[in-house]
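Architecture at a glance
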Amino acid sequence: MPTTPQMIITASTLFLIGYWTGIFLLLYHLIRFGIGTHPRRIAFFMIIISLLLTILSVMLLFTIK
Amino acid sequence: MKTEEIKEIINEEVRTQTRGWFDFLIKSEIDFEGRKQSEQIIVFTRRHWLVLFSPIVSGLMASFLPFIIIVIGAQLLVKYNLSGLFTLLWIIYLMMIWFFIFYKLTMHSLDTWIVTDERIIDISQIGLFSRKVSELHLTSIEDISVHTKGVLQSYLDFGNVEIQTAANAQRFLFEEIPKPIIIKDKIMHAASLHNHQR
């Protein structure tokens, strides 16, 4: 039987995998079909914000007691 | 030519040739798949930014909802040592909201209309896996009408441009685009030029 921290870590990892799959799909569409600078700007800010939130969530994940 | 002029020309050349790390965010030629070499782009437009206002504002407001839980249940969170878990859940919740906002931005960015000196291209991004590209030659245009509805569309100058083609059933709709009257005039001008050239 997995312990509570193990369950939290597994659920968070699964969420992060799902989240980055979604982000990858959006990035693919923006780069593949985007016209002009507008899609590139969105892609750029999307990566920065997503990276920050991911780092923050991973840091929090390992500080939970 | 004076030395200063030559220096200025060289500097300009250096400025245009030097590529910075973030140049891709500023400089870009509008180009699209299937564009002919001689084809000139006359209009390139997306929906008006106000269309994004509602999802972005609601997303940002939703991201502050957990504050209510903090205000109501702060003591419980501290008592049961759940503050760490709560912050983690909050970050995950924020990620979901940001994903929703980015999804809306992506759809807005990929939903475009292009008018060239030969044709009109309507690119509709309906969902992540649903994309429709329609094309209309300028010779097929019968008439164009502009529709602005409501206070916001009138004041912020955006609305629909409807293009009726020779085939009765077919029509092209530019939805919620900025400056619809100017775009209508540009299309009409391009169509008349194209018809004269033929």
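The preceding data block contains the structure.
What you see is a predicted model, and the numbers here were worked out from it, not measured in a lab. (Residues numbered from 1 in each chain as written. Chains lettered and ligands numbered in written order. Predicted model: local features only at pLDDT ≥ 70, side-chain atom pairs only at ≥ 80, totals over all residues.)

Overview of the overall build of chain B
A count of helical and extended segments in chain B gives six helices and seven strands. Along the chain direction, N to C, the helices and strands of chain B fall in the order α-β-α-α-α-β-β-β-β-α-β-β-α. Here chain B holds 198 residues, and the buried ones make up 19% of them. (Helix = DSSP H or I, 4+ residues; strand = E, 2+ residues; numbered from the N terminus. Buried ≥ 20, exposed ≤ 12 C-beta atoms within 10 Å, placed from the backbone.)

Considering the interface of chain B and chain A
Taken together, the contacts link 26 residues of chain B with 29 residues of chain A. When residues in the side of chain B that touches chain A are grouped by element, the largest group, 16 residues, is from helix H4 (residues 83–110) of chain B. Classifying every residue of the side of chain B that touches chain A by side-chain character gives 18 nonpolar, seven polar and one charged. (Contact = placed C-beta atoms within 7 Å. Nonpolar A, V, L, I, M, F, W, Y, C, P; charged D, E, K, R; others polar.)

What to know about the sheet that holds strand E4 (residues 130–137) of chain B
Residue and element names in this part refer to chain B. Within the open sheet, the four strands sit side by side as E1-E2-E3-E4. Their pairing is antiparallel. Every other strand in the sheet has two partners, leaving strand E1 (41–46) and E4 as the edge strands with one partner each. Across the sheet, the axes of successive neighbouring strands diverge by a mean angle of 10°, strand direction being ignored. Looking at chain direction, strand E2 (residues 112–116) and strand E3 (residues 119–127) are connected through four bridges and run antiparallel. Directly across from Ile114, in E3, lies its bridge partner Ile121. Taken strand by strand, H4 contacts E1, E2 and E3, and its axis lies near 165° from that of E3. Along the sheet, helix H6 (residues 180–197) contacts E1 and E2; its crossing angle with E1, the most-contacted strand, is approximately 150°. (Pairing = 2+ DSSP bridges. Axes fitted to C-alpha atoms, helices over the stretch in contact; angles between N-to-C directions.)

What about helix H1 (residues 4–33) of chain A?
The end-to-end C-alpha distance of H1(A), which contains 30 residues, comes to 43 Å, matching closely the 44 Å that a straight helix rising 1.5 Å per residue would cover. Inspection of H1(A) places Ile23(A), Leu26(A), Leu27(A), His29(A) and Leu30(A) among the buried residues, and these make up the whole buried set. Lining the buried residues of H1(A) we find helix H2 (38–61) of chain A together with H4 of chain B. (Expected span 1.5 Å × (residues − 1).)

Quick word on the sheet that holds strand E5 (residues 141–147) of chain B
Neighbouring strands of a sheet are bound in pairs by backbone hydrogen bonds; such pairs are parallel or else antiparallel. Residues and elements named next belong to chain B. If you walk across this open sheet you meet the three strands as E5-E6-E7, and the pairing is antiparallel. Among the strands making up the open sheet, the edge pair consists of E5 and strand E7 (171–178). Direction aside, neighbouring strands of the sheet carry axes that sit 15° apart on average. By the bridge criterion, six bridges tie strand E6 (residues 158–165) to E7 in an arrangement that is antiparallel. The residue of E7 that forms the bridge with Ile163 is Phe172.

Brief notes about unusual backbone geometry
With phi around 50°, Glu176(B) is a residue other than glycine that occupies positive phi space. One can find Glu176(B) in strand E7.

What to know about the pairing of E3(B)
Residues and elements named next belong to chain B. Between E2 and the antiparallel strand that follows it, E3, lie two residues. Across eight bridges, E3 lies against E4 in antiparallel orientation. Along E4, the bridge assignment pairs Ile121 with Glu135. Counting the residues in the hairpin turn of E3 and E4 gives two residues.

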